[in-house]
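# A structural walkthrough
Given next are the chains, with one letter for each unit.
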Amino acid sequence: MIVVLKPGTGAEKKEKLIQWLEHQGMRVHISDGDYQTVLGIIGDASRLDLDLVESLEIVDKVSRVTEPFKCCNRKFHPEDMVVSAGGVPVGGGHFAMIAGPCSVETEEQILTVAKAVKAAGADLLRGGAFKPRTSPYDFSGLKARGLELLRIARAETGLPIVTELMDIRDLELFSDVDVIQVGARNMQNFDLLRELGHCDKPILLKRGLANTLRELLMSAEYIMAGGNEQVILCERGIRTFADYTRNTLDLSAVPVLHELSHLPVIVDPSHATGLSRLVPSMAMAGVAAGADGLMIEVHNDPIHALCDGAQSLRPEEYAKLSEKVRQIRKVVTA
Ligand code: PEP
Ligand code: MN
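Residues numbered from 1 in each chain as written. Chains lettered and ligands numbered in written order. Predicted model: local features only at pLDDT ≥ 70, side-chain atom pairs only at ≥ 80, totals over all residues. Heavy atoms only, no water.

## Focus: the sheet that holds strand 4 (residues 59–63)
- Reading across the sheet, the four strands line up as 2-3-1-4 and stay open at both edges, with antiparallel pairing between neighbours. The open sheet has two edge strands with one neighbour each: strand 2 (27–32) and strand 4. Looking at each pair of strands side by side, their axes are set apart by 20° on average, direction ignored. (Pairing = 2+ DSSP bridges. Helix = DSSP H or I, 4+ residues; strand = E, 2+ residues; numbered from the N terminus. Axes fitted to C-alpha atoms, helices over the stretch in contact; angles between N-to-C directions.)

And the structure:
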């Protein structure tokens, strides 16, 4: 349920109402906008006397939220959420370019790529240290050493780092990571999501290979219900019967998620297509669809990459694309 307060409601009256609602066993999410305050009520609202709430002098209107997701619902938080990703704002008009290799391989590799994407204007560096791989015999990341190399690259370039956490037992190793990525395969690892709800880091939540948008939002809800509201949603392509691309980029996810939720939405055209030659077109399409950022795989030597070389852009290709993205952003925000 949401309760919209009349503009200019004093703090004392607002606090009194919140206390009363909490006393009835409700959890109250407060969204203070420029013009109005919206109280999102979580709990069994059937126990509340809605007519009574509606009749209060400070209440403008009361309505039910029928969707099962509450904390990530735009009705609870009408204004866009701006997530601070290691100091870089994402969402609410702030566009972020996240780039780097699929996996961190060597110091030379990550430094070369980090410097190149920084020179091309990237805002954050991505790189996997713990890699979910379909085959147990494939390279699965440098683990703690990979995180170490990311820290070195951050120190060299100043770019905050984004990297995937697969197992909550590794959380301690991630204490100075700027953004924790939850990969597509873990989107419904509910224990992991619940634990991340108690941490104070932004979470980049990727859509599962075969998950609906409602399921993606319910996963964000797991994190937010625990108190961590810093969630960035990522559309990375879903499984369809497409046979010439790795996945199908569901671009309509961007405006639909923006309608339903206040969370920032970014697009990953690399995993969506699986082919580097298709990445620029779909990256530009993502920007045109209103994405709040792009996450793109870049490798200095894609042919010899230990993971996802076929979909990785070379630094010069990334730089060229970045320039086009800047041009398209101008049109989108005009
Ligand atoms: C990745 O970002 O490298 C990755 C493994 O992505 P996804 O979880 O979307 O497959
Ligand atoms: Mn990858």
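## What about the state of the cysteines?
- Tallying each qualifying case throughout the model produces zero disulfides.
- Of all cysteine sulfurs in the structure, the one in Cys102 sits closest to Cys234, which takes part in no disulfide; the separation is 13 Å.
- Residue Cys234 is classed as buried on the basis of its relative accessible area of 1%.
- No disulfide involves Cys307; its sulfur sits 3.1 Å from that of Cys102, the nearest cysteine.
- Relative accessible area serves as the criterion here: at 5%, Cys307 is assigned to the buried category. (Disulfide = S-S within 2.5 Å. Buried < 20%, exposed > 50% of the residue type's maximum accessible area, 1.4 Å probe, protein only.)

## Comments concerning empty space enclosed by the protein
- Under the criterion given, the structure shown has two cavities of 30 Å³ or more.
- Roughly 40 Å³ of volume is contained in the largest cavity.
- Taken together, Cys102, Arg126, Gly127, Gly128, Lys131, Val162, Thr163, Glu164 and Gln181 form the lining of the largest cavity.
- Tallying contributions element by element places strand 9 (residues 161–164) first for the lining of the largest cavity, with three residues.
- Its boundaries defined by the atoms lining it, the second largest cavity holds a volume of some 30 Å³.
- Lining the second largest cavity are Ala85, Val90, Ile98, Leu124, Val162, Val179 and Ile232.
- Taken together, the residues of the lining of the second largest cavity break down into seven nonpolar, no polar and no charged. (1 Å grid on protein atoms, 1.4 Å probe; cavity = no way out; pocket = protein on both sides within 12 Å on 5 of 7 lines; lining within 4 Å. Points joined across faces, edges and corners; volume = space filled by probe spheres on them. Nonpolar A, V, L, I, M, F, W, Y, C, P; charged D, E, K, R; others polar.)

## Details of helix 10 (residues 315–333)
- Between the first and last C-alpha of helix 10 there are 27 Å, a value that for 19 residues agrees with the 27 Å anticipated at 1.5 Å per step.
- If you check which residues of helix 10 are buried, you get Pro315, Tyr318, Leu321, Ser322, Val325 and Arg329. Here the buried residues of helix 10 occupy an arc of 115° about the axis, which is enough to place them on one side. Structural note: helix 10 exposes Glu316, Lys320, Lys330 and Val331 on the side pointing more than 90 degrees away from its buried face.
- On its buried side, helix 10 packs onto strand 7 (96–100), helix 3 (107–119), helix 9 (279–288) and strand 14 (293–297). (Expected span 1.5 Å × (residues − 1). Arc of directions from axis to C-beta. Contact = heavy atoms within 4.5 Å.)

## Quick notes on the side chain of Asn73
- The residue Asn73 is located in the loop between strand 4 and strand 5 (83–85) in this model.
- Dropping the residues within four chain positions of it, Asn73 is found in contact with Val65, Glu67, Leu260, Ser261 and His262.

## Concerning the sheet that holds strand 10 (residues 179–182)
- Pairing is parallel in the closed barrel, where eight strands are placed in the order 7-8-9-10-11-12-13-14. Neighbour-to-neighbour, the strand axes of this sheet turn through a mean angle of 25°, independent of strand direction.
- Pairing analysis gives three bridges linking strand 9 to strand 10, with the strands arranged parallel. Note that in strand 10 the partner of Glu164 across the bridge is Gln181.
- Running over the sheet, helix 4 (residues 144–157) touches strand 8 (124–126) and strand 9 and is turned about 165° from strand 9.

## Side note on the site of ligand 1
- Taken together, Cys102, Arg126, Lys131, Glu164, Gln181, Gly183, Ala184, Arg185, Lys206, Arg236, His271 and Glu297 form the complete shell of residues around ligand 1.
- Lys131 is positioned such that a nitrogen or oxygen atom in its side chain is 2.8 Å from an oxygen atom of ligand 1.
- In the complex, the protein chains occlude 98% of the 300 Å² of accessible area that ligand 1 would expose alone.
- More than half of the atoms belonging to ligand 1 lie within 2 Å of the grid points that define the largest pocket. (Near = heavy atom within 4 Å. Polar contact = N/O pair within 3.5 Å; in protein donor to acceptor, adjacent residues only side chain to side chain. Areas by Shrake-Rupley, 256 points an atom, 1.4 Å probe, with all protein chains shown as cover. Sits in = over half its atoms within 2 Å of the grid points.)

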